[in-house]
Amino acid sequence: GTMTMTSHPARSLLPLLAILLLGACATTSKTGKQPDWINGVSARYPANQYLIGRGAAADLDDAKDRARADLAKVFEVAISAESSDLQTFERVSQGDGEIESRGQLKSSRDIQTRTDRVIHGVEIADLWQDPQSGTHYALAVLRRLQAAQTLRDDIQRLDDATQLYVAKAKDEPDLLKRIAAASRAVENQVERAAAQRSLQIIDVTGRGVPPPWPLEQLRNDRETLIQRMSLATRTSGPQGDAIHEILDGAVSASGFTVAAPAQAKYTLAASFDLGDLEQREGWYWEKGTLEITLADADQKVRGTHRWNIKSSALSPADARRRALDQVSKDLKEELRAVLISFAE
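Note that the structure is predicted; figures quoted are calculated from it, not measured. (Residues numbered from 1 in each chain as written. Predicted model: local features only at pLDDT ≥ 70, side-chain atom pairs only at ≥ 80, totals over all residues. Heavy atoms only, no water.)

A.B. asks: Before we move on, could you go through the packing of aromatic side chains and cite the residues and values that matter?
C.D. replies: This model, assessed by the stated rule, comprises two aromatic pairs. Between Tyr45 and Tyr50, the ring centres sit 5.0 Å apart and the planes meet at 90°, which makes this aromatic pair edge-to-face. Using a relative accessible area of 12% as the deciding quantity, one classes Tyr45 as buried. The interplanar angle of 35° and the centroid separation of 5.6 Å between the aromatic rings of Trp128 and Tyr137 together place this pair among those described as tilted. With a relative accessible area of 21%, Tyr137 lands in the partly exposed category. Over the face of the ring belonging to Trp285 we find Arg280, whose NZ or CZ atom lies 4.7 Å from the ring centre. (Phe/Tyr/Trp six-rings, centres within 6.5 Å; stacked < 30°, edge-to-face > 60°. Buried < 20%, exposed > 50% of the residue type's maximum accessible area, 1.4 Å probe, protein only. Lys NZ or Arg CZ within 6 Å of the ring centre and 35° of its normal.)

Next comes the structure, spelled out in structure tokens:
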């Protein structure tokens, strides 16, 4: 009995608290004199301390969203410039834009994630409603110091990691592990270049933190190591002969060196098996498995990877040709990343 009695007052307080809290969060649109930021600079949020964005809409929430988006645009420009730099950068490095498309996707995602984190500090600082038209105006602000610190921390973390990878790419006795370390160094610095670009927008001096390593140099170091990885190729399986040339072409396109078994540091074996040809509704369907295995000079297997290959055409010969085209495409696009992943 007494227990329930004492819990009643507490229970009646809860809705009141909730109402008070809601009141604190809900920013109501002020009317009255038009604030300075609507058409010009804000005295309260000066440009040397804040990035600002403005939004206007018939609906209050829309106005807020537009103000946030307006502020985020500054970063979007940096991101798109960075992404296109990244693509040309990797395309030059491979001579084939496809090979590192996975790396690009990862970097673009990382860049986007970082931007989201920086923009997380954006606040709606002021609201105004035009008494004549009823239009809502919103001002979004981001404190430069706070956003810059987030990015400086990121840059420091990426530089620390790069330093470890650069050292490993020099001192690690295992060539495959050296290549993997050199690749990670490049990835970290590509990501760092994006953080630096955002920081230059936020940093009033526009300097940011200049990078300790030229990206170009790191990339050249990686390519040199990749060329030093010589591979003897071997193919087997019912379609072994058909894919031998494809395999050699993919090895060269990925930057590795094809060598005779006696000179090679590694052996790359591939087998390709197409199952039974199926015929359905006038179409011929091929389904097969492509498998590669990398072994080092001591015959130790470093990794195995499988691709499922599917194709269809109106004639058996075309279906087989399309299957081989798919093998070629998969190897050209992914062989490099797959072999490097065997170092893990």
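And the narrative resumes.
A.B. asks: I'd like to hear about unusual backbone geometry, residue by residue, with values.
C.D. replies: The backbone of Glu281 shows a phi angle near 50°, a positive value even though the residue is not glycine. Within the secondary structure, Glu281 sits in the loop between strand 7 (278–280) and strand 8 (283–296). For Glu281, a relative accessible area of 80% corresponds to the exposed category. Unusually for a residue other than glycine, Gln299 sits at a positive phi of about 65°. Tracing the chain through its elements places Gln299 in the loop between strand 8 and strand 9 (301–313). Note on Gln299: relative accessible area 59%, which makes it exposed. (Helix = DSSP H or I, 4+ residues; strand = E, 2+ residues; numbered from the N terminus.)

A.B. asks: Which residues make up the pattern of salt bridges, and what values do they have?
C.D. replies: Tallied over the full model, the rule gives 16 salt bridges. For Arg152, the salt bridge identified is with Asp203, shortest N-O distance 3.7 Å. One end of the pair, Arg152, is in helix 4 (residues 144–171); the other, Asp203, is in the loop between helix 5 (175–202) and helix 6 (215–228), and 51 residues separate them in sequence. Among the salt bridges present, the one from Arg321 reaches Asp325, with a minimum N-O distance of 3.4 Å. In this pair, Arg321 and Asp325 both sit in helix 8 (residues 316–341), four residues apart, roughly one turn of the helix. What makes Arg321 partly exposed here is its relative accessible area of 42%. Residue classification places Asp325 among the partly exposed residues on the basis of a relative accessible area of 43%. Each of Asp174, Asp296 and Arg302 takes part in salt bridges that share partners, so that together they form one network. (Salt bridge = Lys/Arg side-chain N within 4 Å of Asp/Glu carboxyl O.)

Any link to function would need more than the numbers given here.
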